[in-house]
Amino acid sequence: MKQKPIYGVMAEFETPEQVLEAARRTRDAGYRSIDAFSPIPVEGLAEAVGFDWTALPIFVFLGGLFGGCTGFGMCWYANVISFPLNVGGKPYNSWPMWIPITFELTILGASLTAVLGMLALNGLPTPYHPTFNVPRFAMASTDRFFLCIKAKDKKFDLAQAKAFLEGLHPHGVYEIED
Amino acid sequence: MSSSDTVQPVLDRAQRRALALGVVGIVVAVLLGWRAHDAVIGWQKFLQSYLFAYVFWTVVSLGCLGVLMLHHMTGGWWGYPIRRIVEAGSRLLPFMAVLFIPLVFGLGSLYEWAQPDKVAADPILEYKKPYLNPSFFTARTIIYFAIWILLVYLFNKWSAEQDRTGDPRLQGRMASLAAPGFVIWAITMTGAMIDWVMSLDARWFSTIYGLIFMISGGLAAMSLSAIVVRFLSDYEPLKDCVEPKRFIDLGNLMLAQVLLWTYMSFSQFLIIWSGNLKNEIPWYKERMAGNWGTIAATLLIFHFFVPFFLLLQRGMKRRIRNLATIAVLLLLLTLVDVYWQIEPAFGTPPELKLLDVFAVIGIGGLWIAAFLGQLKKRPLLPLHDPRFEAVLEHQHGD
């Protein structure tokens, strides 16, 4: 008999404290590829599932740097190379005038990178996700909390992972078909 | 209270040292002025250094009052560990009012507009005489201090009452006073800085000037708080609240103030540079020539670029130790900024004058000693702030 591909195993909890505790114990048990779903922000949950680093700040910094260089470069090119114009006897290379544009484009570059980078890194919008195959997962947007061990985890074994999650006293444990 | 037993001797020792340092500083500064070959010039030099040191430490006290009101309005975890520190700093304003007295007697040595012969010879000074004259100047200063001391008195009185009774209505009362208080603080501080500092050069004016000092004051108050929290964090009761992450907001606020300071300072420069008017540009010309220019560049690098890039990093803000190190830099650079604003007006070359050093140490030592004395008077954390209690409960709940 051919087994259906499995994305992972998911446990349902009723309170944020339970899912937080469960996430900590799952990581302590050695699982690394885990994820949690909650209708409200839960303090400490991101750290508990091992989300402690993101490349986003680096992208935002580079985006800001790019914006700033573009702003300054644009002004410099226009005023010094392309169309030098004598304004009130000031030198062509009047850099103080260009700082506001440099500043604005730094902000623009950084904020656009922050929004687009966030979407690129978290994969939103996602029209389909394997977790949707669990009917009760719809409650993750109302009043239930879910913890998921993914099949790609090195330690993953369907029976073991299910048994482990059962041991955390959840409201229910579900297999997620891929 | 056994918890304060451990920190009390440390504060006592620090207070004694600061007091000794302050007395030595003031005595040496007075002697340096005294021993000058010409008594009149000696007195003048002493007053110039005194004004510089005085303005810096008063701006720190005023910054403490501003940060206190800001936090009463907005709340947020960042303000609770530093509440008592900024309250203690704000309670030094009566002390600063007393220290203003030598300046009242030396107006003629400091300000051109206080010298009748110069005023008579200069139509601009003559024109400004109804505002810039010694008696009105002194009256205004008395009004500024009266308003500040009233605000300080009310906030500290209600805060002490909150500690005692835990009456939840007090928080609302402090918040309602903080909003108009902040506006009044901004107006009076602009007035004070125009009077005490900007009028050193009576022909030059800038409307953003007061704001720069407000930002400097807020930044200095937050930097001072970060340093004090760093030292107190080895002892109860602050030991429990210095877990990493808790100070990210304070670090972010310091970053915002660094940006604001740069924004305001640069705006003033850009407008005057673009206008290129001959009554405005001399102020910058003398502050950008020679070694004053080197100091200006130092400010740009160490008051903006270095703290900006350091404070952008989460790791720097997570640990109070790192934040306190940046705070020391920012406090020093605020001092340099005040120096760069004030000293060129006296036409002296930019050299490290012993008199300046000892004046800053003198007033600073007395300030710190009085500050620690005030800090010791009350529990180091607010006792019955309803919002703070909610946060603490949540923290211990999980």
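Residues numbered from 1 in each chain as written. Chains lettered and ligands numbered in written order. Predicted model: local features only at pLDDT ≥ 70, side-chain atom pairs only at ≥ 80, totals over all residues. Heavy atoms only, no water.

Caption draft 1: A look at the packing of aromatic side chains. In total, this model carries 42 aromatic pairs over all chains according to the counting rule given. Considering the side-chain rings of B:Trp43 and B:Phe46, the 6.2 Å spacing of their centres and the 15 degrees angle between planes classify their relative orientation as stacked. Of the two residues, B:Trp43 and B:Phe46 both sit in helix 2 (residues 39-74), 3 residues apart, roughly one turn of that helix. Under the relative-accessibility criterion, B:Trp43 is labelled partly exposed at 36%. Residue classification places B:Phe46 among the buried residues on the basis of a relative accessible area of 13%. The ring of A:Tyr31 has A:Lys155 sitting right over it, with the charged end atom 4.7 Å from the ring centre. Sitting over the ring of B:Phe136, B:Arg140 keeps its end group 4.5 Å from the ring centre. (Phe/Tyr/Trp six-rings, centres within 6.5 Å; stacked < 30°, edge-to-face > 60°. Helix = DSSP H or I, 4+ residues; strand = E, 2+ residues; numbered from the N terminus. Buried < 20%, exposed > 50% of the residue type's maximum accessible area, 1.4 Å probe, protein only. Lys NZ or Arg CZ within 6 Å of the ring centre and 35° of its normal.)

Caption draft 2: Main features of the layout of surface pockets. All names here are of chain A. Of the pockets and cavities examined, the second largest pocket occupies roughly 990 Å³. In this structure, the second largest pocket is lined by 29 residues; those nearest its centre are Asp35, Ala36, Phe51, Leu121 and Asn122. When contributions to the lining of the second largest pocket are tallied by element, the ones reaching two or more residues are strand 2 (34-37), helix 2 (45-48) and helix 4 (99-122). Sorting elements by how many residues they give to the lining of the second largest pocket places strand 2 first, with 4 residues. Within the lining of the second largest pocket, the residues separate by chemical class into 18 nonpolar, 7 polar and 4 charged. Looking at which domains feed residues into the lining of the second largest pocket, each of domain 1 (6-53 + 127-177) and domain 2 (56-122) supplies at least three. (1 Å grid on protein atoms, 1.4 Å probe; cavity = no way out; pocket = protein on both sides within 12 Å on 5 of 7 lines; lining within 4 Å. Points joined across faces, edges and corners; volume = space filled by probe spheres on them. Nonpolar A, V, L, I, M, F, W, Y, C, P; charged D, E, K, R; others polar. Domains from an automatic or database assignment.)

Caption draft 3: Region of interest: the interface of chain A and chain B. With 11 residues of chain A at the interface, the matching set in chain B holds 10 residues. At the boundary of chain A with chain B, total buried surface from both sides reaches about 950 Å², with 73% on carbon and sulfur atoms. Ranking the residues of chain A by area buried against chain B places A:Glu43, A:Lys90 and A:Pro96 at the top, with a combined share of 45%. Applying the counting criterion to the chain A and chain B interface returns 0 salt bridges. Counting every contact that joins chain A to chain B gives 1 residue pair in polar contact (both at pLDDT 80 or more). No other element matches helix 4 of chain A, which puts 3 residues into the side of chain A that touches chain B. Residue composition of the side of chain A that touches chain B, by class: 7 nonpolar, 1 polar and 3 charged. (Contact = heavy atoms within 4.5 Å. Buried area = accessible area lost by both parts, 1.4 Å probe. Salt bridge = Lys/Arg side-chain N within 4 Å of Asp/Glu carboxyl O. Polar contact = N/O pair within 3.5 Å; in protein donor to acceptor, adjacent residues only side chain to side chain.)

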